[in-house]
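# Structural overview for review
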Amino acid sequence: NDDIHIKTINLRSLLKQGRYLVLNFGSCTWPPFLESLKSFIKLSQVHHELNSPIDFIIIYIKEAHASDEFKFVGSNFSFIATHQDIKDRINAAKTLINMGEITQQNKIGVYSDTIDDHTNHLFRASPERLYVLYDEKILYQGQMGPYGYSIPSLEYFLKNGHIKKKIIKTINKI
């Protein structure tokens, strides 16, 4: 079905009172992002099972190594062309959902950045980056990928950062 119903939302609308919001920026043509996806999903599942006040989302951004631009030679990763319109970007996000086996049980929302890369530019997220927001403030800004992108660093922050002590104690028992 080619009918894609597009609803534009403001990132602020995903912030909920008393809850943290973890942002994970990336695309299918960036190998380190794909390789870390299972760890991100597992981290989300652990916090969901603990009823942590944390929401996890992925924001799909422009392709890091699009097949028609900065293609990896002989790579399995440069298989998506530069997005020409929002439908291309949404279809790429759907590919990520399928590749990463992201299901409703994972409790991870997947969103597409605008075609002009507004959110990507605002957060300086390309090619991949992690953030934690709370009450419209940035509490955690991960380093830019590939070398600074780190799910373990995010996990450390969530265990030892501003999260309630009760949740920290529970996580440390895992």
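These figures come from a predicted structure and were not determined experimentally. (Residues numbered from 1 in each chain as written. Predicted model: local features only at pLDDT ≥ 70, side-chain atom pairs only at ≥ 80, totals over all residues. Heavy atoms only, no water.)

### A look at the confidence of the model for the chain
The predicted coordinates should not be examined in detail at positions where pLDDT is low. Per-chain confidence: the chain averages 83 in pLDDT, with 83% of residues scoring 70 or above. Summarising per-element confidence for the chain, the mean pLDDT is lowest in helix α5 (residues 165-172) (47) and highest in strand β1 (residues 20-26) (95). Segment residues 165-170 is flagged for pLDDT under 50; beyond a separation of four residues in sequence, or across chains, it makes six contacts in the model. (pLDDT = per-residue confidence, 0-100. Helix = DSSP H or I, 4+ residues; strand = E, 2+ residues; numbered from the N terminus. Contact = heavy atoms within 4.5 Å.)

### Digging into the pairing of strand β4 (residues 129-134)
Burial within β4 is extensive, with five of its six residues counted as buried. Sheet topology places β1 next to β4; five bridges connect them, and they run antiparallel. Paired with L21 across the two strands is L133, which belongs to β4. Between β4 and the antiparallel strand that follows it, strand β5 (residues 137-141), lie two residues; D135 among them carries a positive phi value of about 50°. (Buried < 20%, exposed > 50% of the residue type's maximum accessible area, 1.4 Å probe, protein only. Pairing = 2+ DSSP bridges.)

### Topic: helix α4 (residues 151-160)
Listed in full, the buried residues belonging to α4 are I151, L154, F157 and L158. Within α4, the buried residues cover an arc of 120° as seen down the axis, which keeps them to one side. Seen from the open side of α4, the exposed residues pointing more than 90 degrees away from its buried face are P152 and Y156. (Arc of directions from axis to C-beta.)

### Some remarks on the packing of aromatic side chains
The final tally for this structure, using the stated rule, is seven aromatic pairs. With 5.5 Å between their ring centres and 35° between their planes, F25 and F123 make a pair best called tilted. Of the two residues, F25 sits in strand β1 while F123 sits in helix α3 (residues 118-123), which places them 98 residues apart along the sequence. Accessibility assignment for this pair places F25 and F123 in one class, buried. For the pair Y140 and F157, a centre-to-centre distance of 5.1 Å together with 35° between the ring planes defines the contact as tilted. (Phe/Tyr/Trp six-rings, centres within 6.5 Å; stacked < 30°, edge-to-face > 60°.)

### Let's talk about the sheet that holds strand β3 (residues 108-112)
Pairing within the open sheet is mixed, and its five strands lie in the order β3-β2-β1-β4-β5. A strand with exactly one partner marks an edge of an open sheet, and here the two such strands are β3 and β5. Within the sheet, the average angular offset between the axes of one strand and its neighbour, ignoring direction, is 25°. Inspection of the sheet shows β1 paired to strand β2 (residues 54-60) by seven bridges, in the parallel sense. Opposite L23, over in β2, you have I57 as the bridge partner. (Axes fitted to C-alpha atoms, helices over the stretch in contact; angles between N-to-C directions.)

### Focus: the pattern of salt bridges
The full count for this structure, using the stated rule, is five salt bridges. In this structure, K16 and D55 form a salt bridge, with 3.9 Å as the shortest nitrogen-oxygen distance. Placement of the pair is K16 in the segment before β1 and D55 in strand β2, with a sequence separation of 39 residues. Given the relative accessible area of 47%, K16 is considered partly exposed. Between D135 and K137 there is a salt bridge; the shortest N-O distance is 3.6 Å. Overlapping salt bridges, with partners in common, bring together K16, R19 and D55 in one network. (Salt bridge = Lys/Arg side-chain N within 4 Å of Asp/Glu carboxyl O.)

### Section: helix α1 (residues 31-49)
Across its 19 residues, α1 extends 28 Å between first and last C-alpha, which sits within 8% of the 27 Å expected from 1.5 Å per residue. Approximately 40° is the largest bend angle found in α1, and it occurs at L37. Looking only at α1, the buried set comprises P31, F33, L34, S36, L37, F40, I41, L43, S44, V46 and H47. Just beyond α1, the residue with positive phi is N51, at close to 55°. (Expected span 1.5 Å × (residues − 1). Bend = angle between axes of the 7 residues up to and from the residue.)

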